[in-house]
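Architecture and fold: a report
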Amino acid sequence: MLFKKSEKPDEILPAVQVVSGGVYFGIIKTSSPIRIEGDFKGIIFCTNKVIIDKKASVNGDILCHDVVIGGLIEGNVICKNKCVLNEDAVVNGVVRTALFENGASSSVTGPVYVNKDNTSIDVDEYYELFNKKENLEKVKAEYFSLPQKLILIT
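Quick caveat, the model's predicted, so the values are computed rather than measured.

1. With respect to the overall build of the protein chain
- For the protein chain, the count of helices and strands is two helices and 14 strands.
- Considering the protein chain as a whole, with its 154 residues, one finds that 38% of them fall into the buried category.
- Here the contacts in the protein chain between residues at least 6 apart in sequence split such that 20% fall between residues at least 24 apart.
- Summing over all exposed atoms, the protein chain offers an accessible surface of approximately 9200 Å²; the carbon and sulfur share of this is 53%.

2. As for the packing of aromatic side chains
- One pass over the full model with this rule turns up one aromatic pair.
- Judged by centre distance (5.0 Å) and plane angle (80 degrees), the ring pair of Phe 45 and Tyr 127 falls under edge-to-face. Of the two residues, Phe 45 sits in strand 4 (residues 39-52) while Tyr 127 sits in helix 1 (residues 123-130), which places them 82 residues apart along the sequence.
- Taking the ring centre of Tyr 127 as reference, the NZ or CZ of Lys 29 above it sits at 5.0 Å.

3. Comments concerning the confidence of the model for the protein chain
- Summary statistics for the protein chain give a mean pLDDT of 82 and a share of 76% for residues scoring 70 or more.
- Per-element confidence in the protein chain ranges from a low mean pLDDT of 48 for strand 14 (residues 149-153) to a high of 97 for strand 9 (residues 90-91).
- Every residue in residues 146-154 is under pLDDT 50, and counting partners more than four places away or in other chains gives 24 contacts.

4. Let's talk about helix 1
- Here helix 1 has its buried residues at Val 123, Tyr 127 and Phe 130. All buried residues of helix 1 lie within an arc of 60 degrees about the axis, which places them on one face of the element.
- With a side-chain oxygen positioned 3.1 Å from the backbone nitrogen of Asp 124, the residue opening helix 1 is Asp 122.

5. A short note on unusual backbone geometry
- One non-glycine residue with positive phi stands out, namely Asp 88, at about 70 degrees.
- Tracing the backbone shows Asp 88 in the loop between strand 8 (77-85) and strand 9.
- A positive phi is found at Ser 105, a non-glycine position, where the angle reads about 65 degrees.
- Topologically, Ser 105 is positioned in the loop between strand 11 (99-102) and strand 12 (107-108).
- Owing to a relative accessible area of 56%, Ser 105 belongs among the exposed residues under this scheme.

The rules behind the values
- Residue numbers here run from 1 along each chain, matching the order of that chain's written sequence.
- Per-residue local features are limited, in this predicted model, to residues with pLDDT of at least 70; the limit for side-chain atom pairs, both in listing and counting, is 80 or more; totals at the level of whole chains, interfaces and linings are taken over all residues.
- Neither water nor hydrogens contribute to the side-chain values; these are computed over all heavy atoms in the structure.
- Only DSSP runs of H or I covering at least 4 residues are called helices, and only runs of E covering at least 2 are called strands; the numbering of each starts at the N terminus.
- A 1.4 Å probe rolled over the protein chains alone gives each residue an accessible area, and that area as a share of the maximum for its type sets the label: buried under 20%, exposed over 50%, partly exposed in between.
- Contacts were defined at the residue level, with two residues in contact if any of their heavy atoms lie within 4.5 Å.
- Exposure was quantified through the Shrake-Rupley algorithm and a 1.4 Å probe, taking into account, for residues, occlusion by the shown protein chains and nothing else.
- Planes of paired rings set the category: under 30 degrees apart is stacked, over 60 is edge-to-face and the rest tilted, where pairs are Phe, Tyr or Trp rings (Trp by its six-membered ring) whose centres lie within 6.5 Å.
- Any Lys NZ or Arg CZ that is within 6 Å of a ring centre and within 35 degrees of that ring's normal is treated as a charge sitting over the ring.
- How sure the predictor is of each residue is captured by pLDDT, a score from 0 to 100.
- Picture the helix axis, draw a direction to every C-beta atom, and the arc is the one those directions span.
- N or O atoms within 3.5 Å of each other form a polar contact, as long as, within protein, one can give a hydrogen and the other can take it, and as long as residues adjacent in sequence are counted only when both atoms are side-chain atoms.

See the structure below:
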């Protein structure tokens, strides 16, 4: 046989993007990569990579596999693999990750837990705990009390 049958390439998932120019509120749960370029208030559950641009801000928690932070996070970051803080990035909350890297002038105001056991973090399990009715009612009351641009991605 002259030609070898090629294997099917890995499926590339489309990225979820929160663009600049407004404040977005909601809950994002996705297996696609996420890029936040604007202001987001809510919770992000991502079994892929999350990128927070330099001029972006997130007011809420991020639970993900990998994260690169360039802007401001007002909340906790729980990351299964690697958390990278670029230059001048700020996290006002707890960081829990397996690998941690920080750039010049970056800061974390809460404790940073770096432990290889964090590779066993299950983002979907956290989402199931969060998704209980009493928790959702509390979050809806806090995050969705004003008119806004709502994002709910599953």
